[in-house]
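# Summary of structural features
Each chain, written out:
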Amino acid sequence: MTKSLKLFKEIELGPLSLRNRVVMAPMTRSRATAEHVPTDMMATYYEQRSGAGLIITEGVAPSPNGVGYPRIPGIYNNEQRDAWKPITEKIHKNAGKIFMQLMHTGRISHKLNMPDGAKIIAPSPVPFTDEKMYTDQEGPQDYPVPEKMTETEIQSTIQEFVDASKRAIQAGFDGVEVHGANGYLIEQFLAPNTNTRDDKYGGSIENRNRFAIEVSKAVADAIGNEKTGIRLSPYGVFSGIEIHDEIDKQYTELTDALNDLGLLYIHIVDHSAMGTPEVPASIKETIKDHFKDGAIILSGGYNNAEEANDDLENDRGDLIAFGRPFISNPDLVYRLKNDISLAEPDQDTFYTPGAEGYVDYPKADEK
Ligand SMILES: Cc1cc2nc3c(=O)[nH]c(=O)nc-3n(C[C@H](O)[C@H](O)[C@H](O)COP(=O)(O)O)c2cc1C
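Quick summary incoming for the structure in this document. Computed from a predicted structure; not experimentally measured. Note that residues are indexed from 1 along each chain, following the sequence as it is written. Owing to the predicted nature of the model, reporting of local features is limited to residues with pLDDT of at least 70; listing and counting of side-chain atom pairs is limited to 80 or more, with chain, interface and lining totals taken over all residues. For side-chain calculations, the full set of non-hydrogen atoms in the structure is used, while hydrogens and water are omitted.

In the vicinity of the ligand, 20 residues are found, and the nearest of them are Pro26, Thr28, Arg231, Gly301 and Arg324. In this structure, Gly59 approaches the ligand through a main-chain N or O atom, which is 3.1 Å from an oxygen atom. Whenever two N or O atoms come within 3.5 Å, that pair is a polar contact, provided that in protein one can donate a hydrogen and the other can accept it, and provided that, for residues adjacent in sequence, both atoms are side-chain atoms. Here a nitrogen atom of the ligand and a side-chain polar atom of Asn182 are 3.4 Å apart. With a 1 Å grid laid over protein atoms only, a set of points is called a cavity when a 1.4 Å probe fits there but cannot get out and a pocket when it is open yet has protein on both sides within 12 Å along at least five of seven lines; lining residues have an atom within 4 Å of a point. In this description, a molecule resides in a pocket or cavity if more than half of its atoms sit within 2 Å of the grid points defining it. Cavity membership is defined here by more than half of the atoms lying within 2 Å of grid points; on that basis the ligand lies in the largest pocket. Nearness is defined per residue: one heavy atom within 4 Å of the molecule or strand is enough.

On to the pairing of strand S5 (residues 98–102). Residue exposure (1.4 Å probe, protein chains only): buried if accessible area is under 20% of the type maximum, exposed if over 50%, otherwise partly exposed. Numbering goes from the N terminus for both helices and strands, where a helix is a DSSP run of H or I of at least four residues and a strand is a run of E of at least two. For S5, the buried fraction is high: five of the five residues fall into the buried class. Here S5 shows a buried face lined by Ile98, Met100 and Leu102 and a second buried face lined by Phe99 and Gln101. In this description, strands pair whenever DSSP reports at least two bridges between them. When strand S4 (residues 54–60) meets S5, the two strands line up parallel, connected through four bridges. Each residue of the ladder has a partner; that of Ile56, found in S5, is Phe99.

Attention shifts here to helix H1 (residues 40–48). Of the positions making up H1, those classed as buried are Met42, Ala43, Tyr45, Tyr46 and Gln48. Contacts were defined at the residue level, with two residues in contact if any of their heavy atoms lie within 4.5 Å. Against strand S3 (22–24), S4 and helix H2 (78–93) lie the buried residues of H1.

Empty space left among the atoms is revealed by rolling a probe the size of a water molecule over them. Grid points are joined across faces, edges and corners, and a volume is the space filled by probe spheres set on the points. Size it by volume and the largest pocket reaches roughly 1,300 Å³. Phe238, His271, Met274, Phe350 and Tyr351 are, among the 48 residues lining the largest pocket, the residues nearest its centre. Mapped by element, the contributors of at least two residues to the lining of the largest pocket are strand S7 (132–135), strand S14 (319–322) and helix H9 (324–328). Considered class by class, the residues forming the lining of the largest pocket number 24 nonpolar, 16 polar and eight charged. Roughly 230 Å³ of internal volume is contained in the second largest pocket. When residues are sorted by character, Ala, Val, Leu, Ile, Met, Phe, Trp, Tyr, Cys and Pro go into the nonpolar class, Asp, Glu, Lys and Arg into the charged class, and all the rest, Gly among them, into the polar class.

Here the focus is the nonpolar core. With 76 residues, the main nonpolar core has Leu7, Trp84, Phe211, Ile266 and Phe322 as its most contacted residues. At seven residues, the largest contribution of residues to this core is made by helix H5 (residues 205–223). Take the buried Ala, Val, Leu, Ile, Met, Phe, Trp, Tyr and Cys residues and link them wherever side-chain atoms come within 4.5 Å; each set so joined is a nonpolar core. The next biggest cluster of nonpolar side chains, apart from the first, holds 15 residues, and it includes Ile11, Ile56, Leu264 and Ala321.

A few words on empty space enclosed by the protein. In the structure shown here, the tally under the stated rule is two cavities of 30 Å³ or more. Along the walls of the largest cavity sit 14 residues, with Glu187, Ile241, His244, Ile247 and Tyr251 positioned nearest its centre. Secondary structure elements with two or more residues in the lining of the largest cavity: helix H4 (185–190) and helix H6 (247–261). Looking at the lining of the largest cavity, the element that brings in the most residues is H6, giving three residues. Tallied by class, the residues present in the lining of the largest cavity amount to eight nonpolar, four polar and two charged. Lining the second largest cavity, in full, are Asn182, Ser233, Gly236, Val237, Phe238, Val269, His271, Thr276 and Val279. Residue classes in the lining of the second largest cavity are distributed as four nonpolar, five polar and no charged.

Below, the structure is given as C-alpha cells:
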C-alpha cells in the first residue's frame with residue numbers, strides 16, 4: 001500500500017513547487033570529462049533520479065582554482081554551461097527541480113587534478129596532512145601547501161562564484177547551493193585551524209564568517225536570494241576541519257546573517273552515520289530557530305521513510321536529503337512510498353569513470 005506521509009506531500013520552497021520533500025543530496029561522482037565538462041551519461045544519471053522533489057547536483061567547480069578532484073564538472077566556461085542544459089531540460093521535463101552545488105575545494109586539491117594555470121589557494125598556507133589526494137595520473141599524492149589568498153584574490157574568488165551562478169541560471173538551473181560544508185574553501189575560512197589570518201577575514205568569529213557571508217550575498221544579489229541556498233556542516237570534521245569551542249556561537253551568528261540575506265534554505269550536514277563525531281541536536285535546533293524566514297534541509301543517515309517523516313512531523317526540518325540511498329536506488333521515492341527494500345550502493349564505483357555503479361542500478365520494477 002502506498003504510504004501517505006508528509007514526506008511525500010508537495011511543498012512550496014520559495015517560488016518553487018516541489019512535488020515531495022525528498023531531496024537528492026549533492027554527490028561527487030567524477031563522471032565528467034577530464035576537461036570537467038558534463039556528459040550525456042550524467043544526464044541519464046540525473047534523469048533516472050528525477051522522482052526527487054529537488055535534486056542538488058554533485059559539487060561543481062565555479063572556477064579552475066576550485067577544481068579539486070579528477071573529472072568533476074565545472075561551470076566556469078560556456079562549453080560547460082551548454083553541456084549542463086540537456087540535464088536541466090530532462091529534469092524539468094519530468095516535473096523535477098534541480099539546483100547546482102557550487103564547490104570550490106580550496107586546499108583540498110592537487111595540481112594534477114586542475115586545469116593548466118590554476119592555483120591551489122586557501123585562507124592560510126595550512127596543508128591537509130592526514131590523508132592523500134587521489135589523482136588519475138599518479139594515484140594518491142600528498143596534499144600541497146596552499147597559497148594564502150590575498151584580499152584581491154578573495155574578491156576575485158567571490159566574483160567567480162557570481163559568474164558561475166549566473167551561468168548555472170543560464171543553463172536552466174532553478175537555483176544554486178553554495179557549498180559551505182565538508183572542509184572545502186568556505187569552511188576553510190570558517191574553521192580556526194585552517195584560517196590563521198590576521199586581517200578582516202580571520203581571527204574573530206565575525207571575521208571568519210565574513211567570506212561565507214560575502215559569497216552568499218554576492219550570489220544572492222546576482223541571481224536572487226530566492227534562488228540561493230547554502231550547505232553547512234557544524235561539528236563536521238571532513239578534510240581536516242577541527243572541532244573548536246566557538247562552534248555554537250559562530251553558527252548562530254552565521255545563521256542570523258544568512259537569514260538577513262533572505263537565503264532560500266540552509267542545508268545542514270550530519271555525517272555521524274559515516275562514523276564522524278555526533279552533531280548535537282541543539283545546533284540543528286539553533287540554526288532552525290535563527291533561520292526564521294527560510295527552509296531547513298536535513299541530511300545524513302536517512303534510510304527509510306519513517307525516520308525522515310518523523311523529523312518533518314516534529315518540525316526539525318522542512319525537507320530531507322538522501323545521499324547514498326539515491327546512488328543505488330534511482331527510484332528512491334517510489335521505493336520509500338511503497339515499502340520496497342533499498343539496494344546497497346557499491347562504494348568501489350563511487351568515483352570511477354564509466355557506467356558501472358552509476359547508471360546501471362535498476363529501478364524496482366525493472367529487476
Ligand atoms: C560518493 C559521495 C560523494 C559526495 N559528494 C558530495 C559533494 O559533492 N558535495 C557535498 O556537499 N556532499 C557530498 N557528499 C555527502 C552527501 O551529500 C551526504 O551528506 C552524505 O552522503 C550523507 O548522507 P547519506 O547518509 O544519505 O548518504 C558525498 C557523499 C558521497 C557518498
